[in-house]
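One-letter residues, chain by chain:
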Amino acid sequence: MKRELVCIICPRGCRLSVEGEGENLIVTGNACPKGKQYAIDECTHPVRTVTSIVRVANRVDTMVSVKTAAPIPKEKIFEVMEKIRAAKVDAPVASGTVILSDIYGTEVVATKNID
Ligand code: SF4
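From a predicted model like this one, the values you see are computed outputs, not experimental measurements. (Residues numbered from 1 in each chain as written. Predicted model: local features only at pLDDT ≥ 70, side-chain atom pairs only at ≥ 80, totals over all residues.)

1. What to know about the overall build of the chain
Rules: Segments assigned H or I by DSSP are reported as helices when at least four residues long, segments assigned E as strands when at least two residues long, and all are numbered from the N terminus. Taken over C-alpha atoms, the radius of gyration is set against a globule rule of 2.2 Å times the number of residues to the power 0.38. Counting other C-beta atoms within 10 Å of a residue's C-beta gives its exposure: the residue is buried at 20 or more, exposed at 12 or fewer, and partly exposed in between, where C-beta atoms are placed from the backbone.
A count of helical and extended segments in the chain gives two helices and ten strands. Starting at the N terminus and ending at the C terminus, the chain contains elements arranged as β-β-β-α-β-β-β-β-α-β-β-β. Relative to a compact globule of 115 residues, whose C-alpha radius of gyration would be 13 Å, the chain shows 18 Å and is clearly more extended. Counting only C-alpha atoms and orienting by the principal axes, one finds that the chain spans roughly 55 × 25 × 20 Å. The burial tally for the chain puts 19% of its 115 residues in the buried class.

2. Comments concerning helix α1 (residues 33–44)
Threshold: Helices are assigned an expected span. That span is 1.5 Å times one less than the residue count. Arc definition: directions from the helix axis to the C-beta atoms. By the criterion used throughout, residues are in contact when their C-beta atoms, derived from the backbone, lie within 7 Å.
Between the first and last C-alpha of α1 there are 17 Å, a value that for twelve residues agrees with the 16 Å anticipated at 1.5 Å per step. Within the span of α1, buried status applies to G35, Y38 and A39. Along α1, the residues classed as buried sweep out an arc of 95 degrees about the axis, all on the same side. Among the exposed residues of α1, those oriented more than 90 degrees off its buried face are P33, D41 and T44. Summarising the contacts, the buried residues of α1 are in contact with β1 (2–6), β2 (15–21) and β3 (24–28).

3. Here we look at unusual backbone geometry
Along the chain, A91 connects to P92 via a cis peptide bond; the corresponding omega equals 5 degrees. Looking at the element boundaries, P92 is found in the loop between β8 (88–89) and β9 (98–103). Phi at D61 is positive, roughly 50 degrees, even though this residue is not glycine. Residue classification places D61 among the exposed residues on the basis of 6 C-beta atoms within 10 Å. Here D102, not a glycine, exhibits a phi torsion of approximately 60 degrees, which is positive. On the secondary structure map, D102 appears in strand β9.

4. What about the domain arrangement of the chain?
What counts here: Domain segmentation is taken from an automatic or database assignment of domains.
Partitioning the chain into domains gives domain 1 (2–44) and domain 2 (51–110). Once you take the C-alpha centre of each, domain 1 and domain 2 turn out to be 30 Å apart.

5. A look at the nonpolar core
Worth spelling out the cut-off: Core membership is restricted to buried Ala, Val, Leu, Ile, Met, Phe, Trp, Tyr and Cys residues, and these are joined into a nonpolar core through C-beta atoms within 7 Å.
Among the nonpolar cores identified, the biggest contains 13 residues, and V54, V64, V66 and I99 are the most heavily contacted of them. Only β6 (63–68), α2 (77–86), β9 and β10 (106–110) provide two or more residues apiece to this core. Residues within four places of V54 in sequence aside, it is in contact with M63, V64, V66, I84, A87, K88, V89 and I99.

6. Some thoughts on the sheet that holds strand β5 (residues 51–56)
As a reminder of what qualifies: In this analysis, strands are considered paired if DSSP registers two or more bridges between them.
Strand order in the open sheet made by the five strands is β8-β5-β6-β10-β9, with mixed pairing throughout. Looking at the sheet topology across the chains shown, the edges are occupied by β8 and β9. Relative to β6, β5 runs antiparallel, the two sharing five bridges. Bridge assignment links S52 to a residue of β6, and that residue is V66.

Listed below in structure tokens is the structure:
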């Protein structure tokens, strides 16, 4: 198997090639070790941090920005987005407030203050 990826760890955006199967992956094109680890993770268990917004129930036309506190499995993004879409929170909200818990080993937290 050969896969071509663009590393998204930093703005340099190295073009990575990954060859091999299972535990025996050879990564080329990375300018630093983070790129190698990113490529291996992407081919074996890809994860993403999800960012979105949640409705503030007691404020008209107000949303609070949120994100997962840690990356979640990529294949669970749509399921988590459904939970975020159904969530509501009452103001005041402090940045870091847990909006949803037990989300694939992490939480969805507010990233903004709403007075
Ligand atoms: S391989 Fe290293 S230098 Fe290249 S984009 Fe990834 S993190 Fe940045």
